[in-house]
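Read off the chains here:
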Amino acid sequence: MKKPIQFNTKTIHGGQEPDASYGAVMPPIYQTSTYAQAAPGDHKGYEYSRTHNPTRTALEKNLASIENGRYGLAFASGLAAIDAVMKLLQPGDEVVSSNDLYGGSYRLFVKIFETMGIRFHFVDLTQPEAVFQKINEKTKLIWIETPTNPMMRVVDIASYVRLAKDLDIMIAVDNTFASPYLQQPLDLGVDIVMHSATKYLAGHSDLILGTLVVNDDTLHEKLAFIQNASGAVPGPMDCFLTLRGIKTLAVRMQRHCENATKIAKFLAEHSTIEKVYWPGFDSHPQHDIAKAQMRDYGAMLSFVSKGADFEKTTRILKKFTLFTLAESLGGVESLVGHPASMTHASIPKAMREEQGVVDGLIRLSVGIEAVSDLIQDLEQAIG
Ligand SMILES: *Cc1c(COP(=O)(O)O)cnc(C)c1O
């Protein structure tokens, strides 16, 4: 097959050929742990499914294709993928990351890897001087999330690639919020792209899966070694479902972004709303970076109602009928979340509030339903 070029062609064809056995157009779900060998060591490239599985291979090739990378790796969850990256480090190494980070990543860094001797600095990555101050000869990794969760700050990825250029520092981007439809960090020169495919990639809130994509041979070898040695791999069924989800990524993202744009504007103009955080507004502090770095502004946004304390916010959250109150994001259905008590509950209150994650903050993952129905639901909940 001719190599797909355009993004929306890669999502559908990347890494996928009709199956050699029977011509199945969709990659079969190879629900097997092991593979027959004709003689010891004489096999067809597959020996044991922790190491390799043909359905996973199809997904890994597809991931590489849509992120414009050379190698994809699939893991049992987004956090398992991050865990594999952290296992590249040694005690004494240091990491600089965001002070506005996905709660689970923060917990993994502080509660697991800090106790093993890796040191983390959490700073505002929109302020390169703050990062510069934390960098020393022990710094091995800068872990970026953009847009950030839940404050929707936008980090200038290329500026960190420039900063790390002559230093022995890897740059990794958690690209979950944007998806490769909106931004492709490997093209900007980063070393590792990570996804919680649980979100936009799979897109239907029906599985947990994580991914890494890299270009460098040695880095790929090390990560593939960790993937097999630690063993946090996804099953073939989840790989199949992720592949199926990715086929519609581009069309889903278009509608996600269209709906979010209308909802962000509706909220910003509403008399009961104090503040809306969304990178598409001209007034957003990193709007210009978002405009240059992203194809569109994404479908995640947060807002605060006027005078909203914990009780008032709880009342609003209970009124939603179409938006479902739930953790997670990136599915076709719209979700509403309360970062302070849900995704960010594991971050200390003082640190959380310093970042703007106040009790009144509500986060939306805007789905692809009819936007008029979504606006009606918001209207009755906040009104
Ligand atoms: C959900 C999420 C993760 C963790 O992924 P899981 O698949 O839940 O393990 C990491 N980063 C971001 C930005 C996320 O939203």
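What counts and what doesn't
- Starting from 1, residues in each chain are numbered consecutively following that chain's sequence as written.
- This being a predicted model, a pLDDT of at least 70 is required before a residue's local features are given, and a value of 80 or more before pairs of side-chain atoms are given or counted; all residues contribute to the totals for chains, interfaces and linings.
- With hydrogens and water stripped out, all remaining heavy atoms of the structure feed into the side-chain values.
- We define proximity as follows: a residue is near a molecule or strand when any one of its heavy atoms falls within 4 Å of that partner.
- Side-chain atoms alone can form a polar contact between residues adjacent in sequence; in general such a contact is a pair of N or O atoms within 3.5 Å, and within protein one must be able to donate a hydrogen while the other accepts it.
- All accessible-area figures derive from a Shrake-Rupley calculation using a 1.4 Å probe, and residue coverage is judged against the displayed protein chains alone.
- Amino acids are sorted into nonpolar (Ala, Val, Leu, Ile, Met, Phe, Trp, Tyr, Cys and Pro), charged (Asp, Glu, Lys and Arg) and polar (every other residue, Gly among them).
- Here, strands pair whenever DSSP counts at least two bridges between them.
- A run of DSSP states H or I qualifies as a helix once it reaches four residues; a run of E qualifies as a strand once it reaches two. Both are numbered from the N-terminal end.
- Helix axes are fitted only over the stretch in contact, all axes being lines through C-alpha atoms; the angle between N-to-C directions runs from 0 to 180 degrees.
- For the purposes of this section, nonpolar cores are sets of buried Ala, Val, Leu, Ile, Met, Phe, Trp, Tyr and Cys residues that join through side-chain atoms within 4.5 Å.
- Buried means the residue's accessible area, taken with a 1.4 Å probe over protein chains only, is under 20% of the maximum for its type, while exposed means over 50%, and partly exposed covers the values in between.
- Delimitation of the domains relies on an automatic or database domain assignment.
- Note on contacts: a residue pair qualifies if any of its non-hydrogen atoms lie within 4.5 Å across the two residues.
- Salt bridge, as applied in this entry: a Lys or Arg side-chain nitrogen positioned within 4 Å of an Asp or Glu carboxyl oxygen.
- Working definition: a ring pair exists when centres of Phe, Tyr or Trp rings (six-membered ring for Trp) sit within 6.5 Å. Plane angles under 30 degrees give stacked, over 60 give edge-to-face, the rest tilted.
- Geometrically, a charge over a ring is one whose NZ (Lys) or CZ (Arg) sits within 6 Å of the ring centre while staying within 35 degrees of the ring normal.
- Here, the term right-handed applies to a crossover whose path from the first strand over the helix to the second runs clockwise when the strands point away from the viewer.

Engineer: I'm lost on the site of the ligand in this one. Help?
Structural biologist: Around the ligand, 13 residues are found, and the nearest of them are Gly78, Asp174, Ser196, Thr198 and Lys199. The side chain of Ser196 places a nitrogen or oxygen atom 2.8 Å from an oxygen atom of the ligand. Within the side chain of Thr198, one N or O atom sits 2.7 Å away from an oxygen atom of the ligand. About the coverage of the ligand: the protein hides 93% of its 380 Å² of free accessible area. Of the residues that constitute the shell around the ligand, the class distribution is 6 nonpolar, 5 polar and 2 charged.

Engineer: I tried to follow the sheet that holds strand β2 (residues 94–98) on my own but got confused; where do I start?
Structural biologist: Sheet strands associate in pairs through backbone hydrogen bonding, adopting either a parallel or an antiparallel arrangement. Read from one edge to the other, the open sheet built from 7 strands follows the order β1-β7-β6-β5-β4-β2-β3, with strand pairing classed as mixed. At either end of the open sheet lies a strand with only one pairing partner, and these are β1 (71–75) and β3 (119–123). Shown here is a sheet whose adjacent strand axes are inclined to one another by a mean of 20°, direction ignored. When strand β4 (residues 139–145) meets strand β5 (residues 170–174), the two strands line up parallel, connected through 5 bridges.

Engineer: Is there a simple way to think about the nonpolar core in this case?
Structural biologist: What tends to happen in soluble globular proteins is that the nonpolar side chains get buried as a cluster. Counting residues in hydrophobic clusters, the biggest one holds 78 residues, and the most contacted among them are Ile142, Ile263, Leu267, Leu301, Phe303, Leu364 and Leu378. When residues of this core are assigned to domains, at least three fall in each of domain 1 (7–246) and domain 2 (250–382). Leaving out residues up to four positions away in the same chain, Leu378 has contacts with Ile263, Phe266, Leu267, Phe303, Phe320, Phe323, Leu364 and Gly383. Formed by 31 residues, the second largest nonpolar core is a distinct cluster that contains Val85, Phe109, Phe113 and Trp143.

Engineer: Help me understand the side chain of His270 in this model?
Structural biologist: On the secondary structure map, His270 appears in the loop between α10 (249–269) and β8 (273–277). Engagement of the side chain of His270 in a polar contact is seen with the side chain of Thr272, the distance being 3.0 Å. In this structure the side chain of His270 is engaged in a polar contact, spanning 3.1 Å, whose partner is the side chain of Glu379.

Engineer: Got a minute to help me understand the pattern of salt bridges in this structure?
Structural biologist: For side chains bearing opposite charge, pairing can occur when the charged atoms are close. A full pass over the atoms with the stated rule returns 8 salt bridges. The closest approach of N and O atoms between Asp83 and Lys87, which form a salt bridge, is 2.7 Å. Given the relative accessible area of 18%, Asp83 is considered buried. Close ionic contact of Glu353 with Lys349 constitutes a salt bridge, the shortest N to O distance being 3.2 Å. Note that Glu353 and Lys349 are positioned in helix α13 (residues 349–354) at a spacing of 4 residues, about one turn of the helix.

Engineer: Looking at this model, I keep getting lost on the packing of aromatic side chains. Mind explaining?
Structural biologist: This model, assessed by the stated rule, comprises 9 aromatic pairs. With a centroid separation of 6.1 Å and 85° between ring planes, the pair formed by Phe109 and Trp143 is classed as edge-to-face. Here Trp143 lies in strand β4 and Phe109 lies in helix α4 (residues 103–113), a separation of 34 residues in the sequence. What makes Phe109 buried here is its relative accessible area of 0%. Site record: aromatic cluster; members linked through ring pairs are Tyr106, Phe109, Phe120, Phe122 and Trp143. Over the ring of Tyr277 we find Lys275; its NZ or CZ atom is 5.3 Å from the centre of that ring. The lysine or arginine in question, Arg295, covers the ring of Tyr181, its NZ or CZ lying 4.2 Å from the ring centre.

Engineer: So what exactly am I meant to see when it comes to the domain arrangement of the protein chain here?
Structural biologist: Interfaces are frequently sized by the accessible area removed from exposure as the parts join. For the protein chain, the domain assignment lists domain 1 (7–246) and domain 2 (250–382). If you average the C-alpha positions of domain 1 and of domain 2, the two centres end up 26 Å apart. Contact residues are listed per partner, giving 37 residues for domain 1 and 41 residues for domain 2. Our enumeration of links across domain 1 and domain 2 arrives at 0 salt bridges. Connecting domain 1 to domain 2 are 17 residue pairs in polar contact (both at pLDDT 80 or more). Listing elements by their share of the side of domain 1 that touches domain 2, those giving two or more residues are α1 (7–13), α4, α6 (157–164), α7 (179–182) and α9 (236–247).

Engineer: Would you take a moment to explain the pairing of β5 for this structure?
Structural biologist: Here is the key point about a regular strand: its side chains alternate between the two faces of the sheet. For β5, a buried count of 5 out of 5 residues is recorded, marking the element as mostly surrounded by other parts of the structure. Because side chains alternate across β5, one face comprises the buried residues Met170, Ala172 and Asp174, and the other comprises Ile171 and Val173, equally buried. Between the parallel pair β4 and β5, the chain is carried across by α6, and the sense of this crossover is right-handed. One ladder, built from 3 bridges, connects β5 with strand β6 (residues 192–196); its direction is parallel. Looking across to β6, one finds that Val173 is bridged to Val193.

Engineer: It is not clear to me how the sheet that holds strand β12 (residues 361–365) should be interpreted in this structure. Could you clarify?
Structural biologist: The 5 strands are arranged β8-β9-β12-β11-β10 in an open sheet whose pairing can be described as mixed. The open sheet is flanked by β8 and β10 (324–325), the only strands paired with a single partner. Pairing of β8 with strand β9 (residues 300–305) involves 4 bridges; the strand directions are antiparallel. The residue of β9 that forms the bridge with Lys275 is Val304.

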